[in-house]
Amino acid sequence: MRFQLTDDQLALRDGVRGLLSRRFDGEALRAAVDSPGLDRGLWRELGVAGFFALRVPEADGGVGLGLAEAVLVFEEAGRVLLPGPLVATHLAAGVEVGVVEGEVVVAGVDPGGLVEWLDEADVVRGDAAGAVALKSVDPLTPLHRVPGARASDLDPVAVLLTAAEQLGTATRVCELAVQHARTREQFGQPIGAFQAVKHLCAGMLVRAETARAAVYAAAVTADPVDIAAARLLADEAAERGARDCLQVHGGMGFTWEAEVHLHLKRAWVRARRGGGGAESEELLAVDLLA
Amino acid sequence: MRFQLTDDQLALRDGVRGLLSRRFDGEALRAAVDSPGLDRGLWRELGVAGFFALRVPEADGGVGLGLAEAVLVFEEAGRVLLPGPLVATHLAAGVEVGVVEGEVVVAGVDPGGLVEWLDEADVVRGDAAGAVALKSVDPLTPLHRVPGARASDLDPVAVLLTAAEQLGTATRVCELAVQHARTREQFGQPIGAFQAVKHLCAGMLVRAETARAAVYAAAVTADPVDIAAARLLADEAAERGARDCLQVHGGMGFTWEAEVHLHLKRAWVRARRGGGGAESEELLAVDLLA
Amino acid sequence: MDLAYTPEEEEFRARLREWLAKALPTLPPKPSPEDWPGRRAYDLGWQRMLYDAGYGHVHWDASPTTRLIFLEETETAGAPYVGASFVGLLHAGPTIAAEGTPEQQERWLPPILRGESVWCQGFSEPDAGSDLASLRTRARRDGDEYVVTGSKIWTSHAEVADWCELLVRTDTAAPKHRGISWLAMPMSAPGVVVRPLRTLAGSAEFAEMFLDEVRVPVGNRVGEENDGWRVTMVTLSFERGTAFVGEVVACRRVLRSLAVAARGNGRWDDPVLRRRLGRLNAEFRALWRLTQWNVSEAEVSGGVPGVGGSVFKLRYSHARQELYEVAGEVLGVESLDLERGWVLDRLSSLSYTIAAGTSQIQRNIVAERILGLPKGR
Amino acid sequence: MDLAYTPEEEEFRARLREWLAKALPTLPPKPSPEDWPGRRAYDLGWQRMLYDAGYGHVHWDASPTTRLIFLEETETAGAPYVGASFVGLLHAGPTIAAEGTPEQQERWLPPILRGESVWCQGFSEPDAGSDLASLRTRARRDGDEYVVTGSKIWTSHAEVADWCELLVRTDTAAPKHRGISWLAMPMSAPGVVVRPLRTLAGSAEFAEMFLDEVRVPVGNRVGEENDGWRVTMVTLSFERGTAFVGEVVACRRVLRSLAVAARGNGRWDDPVLRRRLGRLNAEFRALWRLTQWNVSEAEVSGGVPGVGGSVFKLRYSHARQELYEVAGEVLGVESLDLERGWVLDRLSSLSYTIAAGTSQIQRNIVAERILGLPKGR
């Protein structure tokens, strides 16, 4: 058993992190908030880098990697709040033409009736008839709702990749909180020297690292029960982490300019995919009787 | 509106506290743990002091006071972990002969199927047929369980008086934690100087004071919805308070000699009266639609 | 121990309710959140109506119970918030009333009560945060003027304020609590620049204020030079008293409407959610009782609210956040829609554990001032 | 990144499983908790069986993954705990192996491995608590002996131990971490008095130990004089590695039996409870994965467990307490009955956020050593 990233996986993660830090850094994030809309150039670069072709077999012109690698890549995307219907498009690779190249943007109708990026999509999977635009709480994710209509059952892979994005947020907000706590001074010392702040940060790390083990393991096994567990832990780590990060930032975190609210809002959107965690809890309960 | 204790109520509370501190202090508590069994002499003294006759009309030979006063008295009883079927006996005052004088001990079958102090009781209210003795987790409360059988609906007054006892525990464990935190030194200072300990204590006080407002208000209104709210908050304040008090005490709190475990165990027993808090939550939910 | 009101209090409530029923329909339409001049006019107009009807002083000299009734009834009737009059009526005004000279009181108080002036608050600074007393905005004495330079943040209504209650450092050598003074600064003074501050809710409820060599007459100082921290504490403790009455009333209304919404969309059938709603009902009922308890205590103690305000604020701010968490569960996908008023309220509620003393600071206050635990080294 | 075991590891597992199936039925009946001599004999007998079968060293020199498999399989098969051999195998033994002289190793290690000696731990003191390094038990040098006076607490198996790994202060003038030495004290030495310590669970799992002028040969010191703190840290970090593997396996079994019990008594139909059980399943599955992650990391880093143990312990101790909270909900009134084994386990679980470093201390460790936050002043 070697439940650790392999050298290839570390290299993949570093490569994706490098690409994203060049093409979607903090400045680009803020620019995207100010002028929403999908960056088609970046989308094509993602395609070239293999973001969508990652799990397509080499024989079919893909990269031929597995769920574990996909999870690492989506974690990085979650870290930097990369905009766009990444999960839906990734899942359509090898099914819809032009996806692997990053030429085509795919939106999907979620079982909860949510559609992300409908107006930007070239292809819509599922029945989006009658979709109503919402004023999205996340300035980086345009949303529609399909009243009444429910698509087919949620793809467990979609759940897992969403959990990987949540893991990225959970990790990132912990780093943001620690950075702030190390440098911000109050009452004559860095606020990170106060136990109350320290313990908020420790809690964020504990949740993120527990979620990481669950998400990576689910990527290895692809077992729906493991995926359900990963989802619950990743949602918790992301939502509570972003909340606590905001608390550590104090008033500064409450401004539009701070990155933390974007993580919180995105975490809320992701947690809604598939209609919330109740079904995962039920699946995990039933598993106990198996 | 004067939602504060009146001078008479303050005097009553101080009187009861004085009586109990003389007749049931820490030493007596430890002695009771070592040799269980009801102290009939103390029971008669409680009778003489009006503990049971409190709400019996003066015309019928009682003290003629109300629920508010009863709540204050039961809070004091909860504070010192006074043993015995206090609620059941109090509720039987004016109904069963000898109760007001403290000559008779009354046990009651709780809707959850629990009977406290069955073997010591002179009178049992409800059907205790087939009662099975438990090895009680609380060394100061002998327990029986009546399998299957469910008595009639729970008397809201019984719920309220139990909440008052829980409030007594919530207040007392906060005091115990603060005392310990002020005197125990670690790493060169009283542990109460550490934020982590400070914040545990602050949380205990906040829960106790919120529960106090709810319990006292329910005593004034006698409204079942207010009582349900009081019960939930008092259970939470007592159980979490005792847990946190134990945490503040560290290893010392884990010994049999420390008072804190007795509060935790009694809080568990009281929280089980009436079968737990789910019904109260449902009552409060339905109230929102009224 | 009772929850009954006196005949006088009941009469006050009845008269107020009657007046509200007549007065509210005469209000002009509510301006949009971005229309600052409109909001100023609307809020001052409402204060003027209260003044004319004899309720203008209610925040100042009514008994705590009367204030409680006033806040409960106005919120229940859907009356406007205090809005732009907030700092004047609840911070700066009471400070001037308590610490100002007769001339200062004559100059500044009547316009506040009559709905003619708007005050804003210049306390917080970007680098001070929770450590308010570490503020750095400097006031240098130059003859009979102070020359003020620095910056302030989280200033509400700065765009339309006439006056700012300003905390400045007048002695940089003294310990941090000892070198602060309280000034009334005219917002029209040269060197005052206001820049809107966008919050995570996307709105510009607050502003930053930049002060560059702003000249303020020494006669505008309330209290002694370097005694501003004590003067400020009077103001802040005044704020804590009945500050959340209207909000608790509003939360209970939101909670009831959530239950109705849940019944409407089928979520009511989920016992997990239903019982969470029930527990929130217990929570907000208790918070209302705690309010009544604190108000009754203030009544006895002569109206000065104690540190019990920290206990209330800790519990309330977390309960309010939990309320909007549950609202998210009730609304499901719609909880992501800013068109639903609740969603904006949810975003605003995120500040409740931070603003006016973070929950961490409040727990320190409770532990040290109520429970008597020692300060850390 | 995989969760597969190598053919060698799978073979180890298969052989162990086979051996356990044969060996366990030959065990004598389990002694009662109060029968200390019986428990000593039982626990040492089990260690002897392991030794004879070639598993005696597994805690010491097997790879982390092999240890994981060993702990998983023994717990799953219902094999005895390490019991009275705990300190010898997992604390004192590894310390002696790492820091002792060849003579010390020859003298003390083989009896531990062969199940012939019981060690106990004399670290904690009543006045030290979480601040272990502030211990006060004094060792005065007198020729080639130390003369030890003081008291220790939370000492398991003291009643039947042959040896005690003892921390003593050998230099009272030095900074607190610098004046400590590590001694192997024979429990038969004159002046050693053991008194059982009753816990809130009502049992006497632990003892207090009073030392009055106990003479310990200088040759029993492991490591240099005054270097005992560093020597101890080796021991403590060894403990953190795979310490909780068996417990996580056990918790997952308890959780499944809770679900079955809930289905039996009708509580399963309560979705609030059912979904809490589901969430706990997620929790313990994740904790198992985290164990596998940490073990794999230790495998790479050469077997030295890192501070990741604090992350695990924080999450695990709270999960375990939550498990027993939920057990209380499933069992209802029966959760008050000490005859139900779960209830005693619930009481024991209360120590998990306290023993071996409180959750508060663990959070400090995580914040300072992993996240690099500054120490407070």
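Residues numbered from 1 in each chain as written. Chains lettered and ligands numbered in written order. Predicted model: local features only at pLDDT ≥ 70, side-chain atom pairs only at ≥ 80, totals over all residues. Heavy atoms only, no water.

(A) Region of interest: the relation of the copies chain A and chain B. For the match of chain A to chain B, the screw axis carries a shift of 0.0 Å, the RMSD comes to 0.0 Å, and the turn is 180°. Here the transformation between the copies is reduced to the relation of a two-fold axis. Identified as the residue of chain A closest to the rotation axis by C-alpha distance is Q195(A), at 2.8 Å. When the interface residues of chain A are mapped onto chain B, 100% of them are again interface residues, pointing to one common binding face. (Least-squares fit on C-alpha atoms with pLDDT ≥ 70 in both. Contact = heavy atoms within 4.5 Å.)

(B) Main features of helix α1 (residues 7–23) of chain C. Residues and elements named next belong to chain C. The terminal C-alpha atoms of α1 lie 24 Å apart, and with 17 residues this matches the ideal 24 Å at 1.5 Å per residue to within 8%. Every buried residue belonging to α1 is among E9, F12, R13, L16, W19, L20 and A23, and all of these are buried. Axial view of α1: buried residues confined to an arc of 135°, hence all on one face. Of the exposed residues in α1, those oriented more than 90 degrees away from the buried face are P7, A21 and K22. Check the buried side of α1 and you find it contacts α2 (36–52), α3 (58–61) and α4 (64–77). (Helix = DSSP H or I, 4+ residues; strand = E, 2+ residues; numbered from the N terminus. Expected span 1.5 Å × (residues − 1). Buried < 20%, exposed > 50% of the residue type's maximum accessible area, 1.4 Å probe, protein only. Arc of directions from axis to C-beta.)

(C) Expanded view of the packing of aromatic side chains. Scanning the entire structure with this criterion turns up 38 aromatic pairs over all chains. An aromatic cluster of at least three residues, connected via ring pairs, comprises F12(C), W19(C), W46(C), Y55(C) and F70(C). Cation over ring: R198(D) sits above W256(B), and NZ or CZ is 4.0 Å from the ring centre. (Phe/Tyr/Trp six-rings, centres within 6.5 Å; stacked < 30°, edge-to-face > 60°. Lys NZ or Arg CZ within 6 Å of the ring centre and 35° of its normal.)

(D) Representation of the packing of helix α4 (residues 67–79) of chain A against helix α7 (residues 195–221) of chain A within the structure. Residues and elements named next belong to chain A. Put simply, α4 and α7 touch, their axes get as near as 8 Å, and they point 140° apart. By the criterion of interaxial angle, the relationship of α4 to α7 is oblique. Within the contact between the two elements, α4 uses L67, A68, V71, L72 and E75 and α7 uses R212, V215, Y216 and A219. Across the contact of α4 with α7, the residue classes break down as seven nonpolar, no polar and two charged. (Axes fitted to C-alpha atoms, helices over the stretch in contact; angles between N-to-C directions. Parallel < 35°, antiparallel > 145°, perpendicular 65-115°, else oblique. Nonpolar A, V, L, I, M, F, W, Y, C, P; charged D, E, K, R; others polar.)

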